[in-house]
Amino acid sequence: MIKKICMSVFALFLLLPSWSQAGSFGGDDPSGVPGQWYVGTTPSYVAPSKHPILFVHGLNSSSNTWWNGNNMYDTAFQNGYETAFIDLYPTKNMWDNGALLAQKIRNIYDYYGEKVVVVAHSKGGIDTQSALVHYGAYPYVSRVITLSTPHYGSQLADLAYSSWAGWLTGILGSKNDATYSLQTGYMSYFRSETDHRPNVNRNPIYTFGGTKWGSFGSSLYWGGLYLSAYGSNDGAVTVNSSRLPYGTELRVGGWDHFTIKEGSSTFNLFKDYLNEATKTSGFNAQSVVERKGAESAASYIRGGEYSGKKLEKVLVEQGAKSVTFDWISNSSSSQLILKDPGQKANSIFKVKKDESEYFNGAYHHTVTVKDPAPGEWTVDASSSSAEKYLLHVSFESVMNDALSIHLAQDEISLKAKESKLNLRPVMTIEYYKDGKLKKSKVKTKNDSLKLPKLGEGVYNVTIDVKGSGDKNTFQRTFIKTIYVDASGAVYGQ
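Residues numbered from 1 in each chain as written. Predicted model: local features only at pLDDT ≥ 70, side-chain atom pairs only at ≥ 80, totals over all residues. Heavy atoms only, no water.

K.L.:
Just to check I follow, could you spell out the overall build of the chain for this structure?
P.N.:
Scanning the chain for helices and strands turns up 11 helices and 22 strands. Restricting to contacts in the chain with at least 6 residues of sequence separation, those with at least 24 account for 77%. (Helix = DSSP H or I, 4+ residues; strand = E, 2+ residues; numbered from the N terminus. Contact = heavy atoms within 4.5 Å.)

Right under this line is the structure:
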């Protein structure tokens, strides 16, 4: 199959010299060449009603994601579809990629002489909608199918830009324009700029979402564990974020963020919607309500940089069913000792390397304690060299559902679902301006805090909560991002 593809594309290059820098189809360059697009082998019979499919990759990926270790291309070919694949910028935002994709969609339309159907994975769905709505590509596309696209952003992007994780993601290279644009606050702004445009409904959109993130140690497990506080997810994107109120949700199923784009997983579920004759209506209003649901208070987060020794203290409340300590660092040889309130030591941390999108290359040192003793636990870390780290403590506890957080136009408020809880929140607001990190810290004994007057930009808000109920002390961390536009309007979730 690949040999045929190479021959087909070679002939195509002879006809279209402007593609001569693209290289061979299926090349090993993991980043691809942004702007180059490739044509798959033409099936022996193509039905007149079948539009060509343009496959668009996602964050930190390239066109070969559709055929390297994936049978999506082969499945489309076997079903009689002409195919095209494009490389976008793997680390740029939806504006840069949208402008580039719009130009290339017009070229692909001219090549085939008809509209294409776009099948997009992850952030590729956002880049596609940007191309259609903001850069005028909608006349050349029949419809769009998104596979686990974070239409409302990802809380993992929020975490990557938080004060606690910034040290680590900075050295890992996870901070880039693409990740920055996927913060939930910025995506709320993007939705406000997109969803009410006159041409937003010119191209029907069909969505898929996943609910699996693998077992302990899998590449998506850590992201799934963090996102579980925000609802069902596939290890990178929540089901709620994969939905659009004016789209048609075709299926939510047991896929993770990688398997959802495999041909054997989803092609047969969306192939009937590749034809313009297929008409469906959007999902019901209940799905929209679910998307806006508040997250649970399941995490406590710390992080930074140290050399030599570091001590982190964690309060575990009475009645917690389990607690997972995940020390994420740039070193595989971190020396860690976990001590319970009685000073009993546990140094059995399992070490796994992260292969996901946001913390790729980091090392997880993880231990889960069932029925933990209430009180102050400590993590003693030691390293012979400078180390960047992020400590994510995940709780399974009734206390997780005792708090909720709400973002209004100019105020963030914490709501206690149990009147016996006394909250002492600390809010940290930090932002980037002129390439430098600025910080502003505000403490309040109230359960709400008005946002200060902020200039235009994305702001990462960390809310540390320490409270008590029935003489039982607990700690939690919420991380949010907001976007403030030039007029001072605030966007967030």
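Next comes the rest of the description.
K.L.:
How should the pattern of salt bridges be read in this particular structure?
P.N.:
If you walk through the whole model with that rule in mind, you get eight salt bridges. The salt bridge involving Asp127 is made with Lys123; its shortest N-O contact spans 2.8 Å. Per residue, the accessibility class of Asp127 equals that of Lys123, and both read buried. Between Glu317 and Arg476 there is a salt bridge whose closest N-O contact spans 2.6 Å. Of this pair, Glu317 sits in the loop between strand E8 (299-316) and strand E9 (322-329) while Arg476 sits in strand E21 (residues 472-484), and the two are 159 residues apart along the sequence. Arg476 matches Glu317 in its accessibility class, with the two residues each being buried. (Salt bridge = Lys/Arg side-chain N within 4 Å of Asp/Glu carboxyl O. Buried < 20%, exposed > 50% of the residue type's maximum accessible area, 1.4 Å probe, protein only.)

K.L.:
Please clarify how helix H10 (residues 263-270) should be interpreted in this entry.
P.N.:
Three or four residues apart is the spacing at which side chains of an α-helix point the same way, because the helix has 3.6 residues per turn. Here H10 has its buried residues at Gly263, Thr266, Phe267 and Phe270. With its buried residues spanning 110° around the axis, H10 presents them on a single face. Facing away from the buried surface of H10 by more than 90 degrees, the exposed residues are Ser264 and Asn268. Tucked inside the fold, the buried residues of H10 contact strand E2 (53-56), helix H2 (72-78), strand E4 (116-121), strand E5 (141-147), strand E6 (205-210) and strand E7 (248-253). (Arc of directions from axis to C-beta.)

K.L.:
Explain the packing of helix H3 (residues 94-112) against helix H4 (residues 124-133) to me, please; I cannot follow it from the model alone.
P.N.:
Angle between the axes and distance between the axes are the two parameters that describe a pair of packed helices. At a minimum axis distance of 7 Å, the contact between H3 and H4 shows a crossing angle of 60°. In this structure, the crossing between H3 and H4 has a hand that is right-handed. Together, Met94, Trp95, Asn97, Gly98, Leu101 and Ala102 of H3 and Ile126, Asp127, Thr128, Ser130 and Ala131 of H4 make up the contact between the two elements. Its residues placed into classes, the contact of H3 with H4 shows six nonpolar, four polar and one charged. (Axes fitted to C-alpha atoms, helices over the stretch in contact; angles between N-to-C directions. Left-handed = near helix turned anticlockwise from the far one by under 90°. Nonpolar A, V, L, I, M, F, W, Y, C, P; charged D, E, K, R; others polar.)

K.L.:
It is not clear to me how the packing of aromatic side chains should be interpreted in this structure. Could you clarify?
P.N.:
Any aromatic ring pair is given by two values, namely how distant the centres are and how the planes are angled relative to each other. Within this structure, the stated rule accounts for 29 aromatic pairs. On the numbers, 5.3 Å between centres and 15° between planes, the contact of Phe55 with Phe85 is stacked. Note that Phe55 is positioned in strand E2 and Phe85 in strand E3 (residues 83-86), a separation of 30 residues in sequence. The pair Phe55 / Phe85 is uniform in exposure class, with both members buried. When the centroid spacing of 6.3 Å and the interplanar angle of 80° are considered together, the rings of Tyr306 and Trp327 count as edge-to-face. In this pair, Tyr306 is assigned in strand E8 and Trp327 in strand E9, connecting sequence segments 21 residues apart. (Phe/Tyr/Trp six-rings, centres within 6.5 Å; stacked < 30°, edge-to-face > 60°.)

K.L.:
Looking at this model, I keep getting lost on the nonpolar core. Mind explaining?
P.N.:
What tends to happen in soluble globular proteins is that the nonpolar side chains get buried as a cluster. Of all hydrophobic cores here, the largest spans 31 residues; its most connected members are Leu159, Tyr226, Phe359 and Leu390. Those elements that provide at least two residues to this core are H3, helix H5 (155-160), helix H8 (184-194), helix H9 (221-227) and E21. A total of four residues in this core trace back to one element, the largest contributor, which is H8. Leave out the neighbours within four places in its chain, and Leu159 touches Ala165, Tyr226, Ile301, Phe359, Leu390 and Ile479. In this structure, Ile105, Tyr112, Ala137 and Val144 belong to the second largest nonpolar core, which totals 27 residues. (Core = buried A, V, L, I, M, F, W, Y, C linked by side-chain atoms within 4.5 Å.)

K.L.:
What should I look at first to understand the side chain of Ser383 in this one?
P.N.:
Take Ser383: it is sitting in strand E14 (residues 375-396). With relative accessibility at 14%, the residue Ser383 sits in the buried group. Side-chain polar atoms of Ser383 contact the backbone oxygen of Ser385, separated by 2.9 Å. (Polar contact = N/O pair within 3.5 Å; in protein donor to acceptor, adjacent residues only side chain to side chain.)

K.L.:
Would you explain the sheet that holds strand E19 (residues 448-450) in this entry?
P.N.:
Hydrogen bonding along the main chain pairs the strands of a sheet, whether they run parallel or antiparallel. The three strands lie next to each other as E15-E16-E19, forming an open sheet whose pairing is antiparallel. Because the sheet does not close on itself, it has two edges, and the strands there are strand E15 (403-407) and E19. Within the sheet, the average angular offset between the axes of one strand and its neighbour, ignoring direction, is 10°. By the bridge criterion, five bridges tie E15 to strand E16 (residues 411-416) in an arrangement that is antiparallel. (Pairing = 2+ DSSP bridges.)

K.L.:
So what exactly am I meant to see when it comes to the sheet that holds E3 here?
P.N.:
Pairing is mixed across the open sheet formed by seven strands, whose spatial order is E1-E3-E2-E4-E5-E6-E7. At either margin of the open sheet sits one strand with a lone partner, and together these are strand E1 (37-39) and E7. When strand polarity is set aside, the average angle formed by the axes of neighbouring strands in this sheet is 20°. Strands in contact with H4 are E2, E4, E5 and E6; relative to E4, the strand with the most contacts, it is inclined by about 140°.

K.L.:
Please explain empty space enclosed by the protein as it appears in this structure.
P.N.:
For the structure shown, the criterion picks out five cavities of 30 Å³ or more. Of the volumes computed, that of the largest cavity is approximately 120 Å³. Along the wall of the largest cavity there are 14 residues; nearest its centre are Leu156, Trp222, Gly223, Ile328 and Phe359. Of all the secondary-structure elements, those providing two or more residues to the lining of the largest cavity are H5, H9, E9 and E14. For the lining of the largest cavity, the element with the most residues is H9, which contributes three residues. (1 Å grid on protein atoms, 1.4 Å probe; cavity = no way out; pocket = protein on both sides within 12 Å on 5 of 7 lines; lining within 4 Å. Points joined across faces, edges and corners; volume = space filled by probe spheres on them.)

K.L.:
Would you explain the confidence of the model for the chain in this entry?
P.N.:
Low pLDDT marks stretches whose predicted atomic positions should not be read closely. Mean pLDDT over the chain stands at 85; residues scoring 70 or higher make up 84%. Note on residues 1-30: pLDDT under 50 across the span, and 40 contacts to partners over four residues away in sequence or across chains. Below pLDDT 50 for its whole length, residues 281-293 participates in 20 contacts with residues either more than four positions away or in separate chains. (pLDDT = per-residue confidence, 0-100.)

K.L.:
Help me understand the side chain of Gln183, please; the structure alone is not making it clear to me.
P.N.:
Along the polypeptide, Gln183 turns up in the loop between helix H7 (177-181) and H8. Residues contacting Gln183, with those up to four places away along its chain left out, are Ala157, Asp158, Tyr161, Val458, Asn460 and Thr481.

K.L.:
Can you walk me through the pairing of strand E13 (residues 363-370) in this structure?
P.N.:
When a strand is regular, its side chains alternate between the sheet's two faces. Note: E9 against E13, eight bridges, orientation antiparallel. Within E13, the residue paired with Phe325 across the bridge is Val367. As paired strands, strand E12 (residues 350-353) and E13 are joined by four bridges and run antiparallel to one another. Note that in E13 the partner of Lys350 across the bridge is Thr366.

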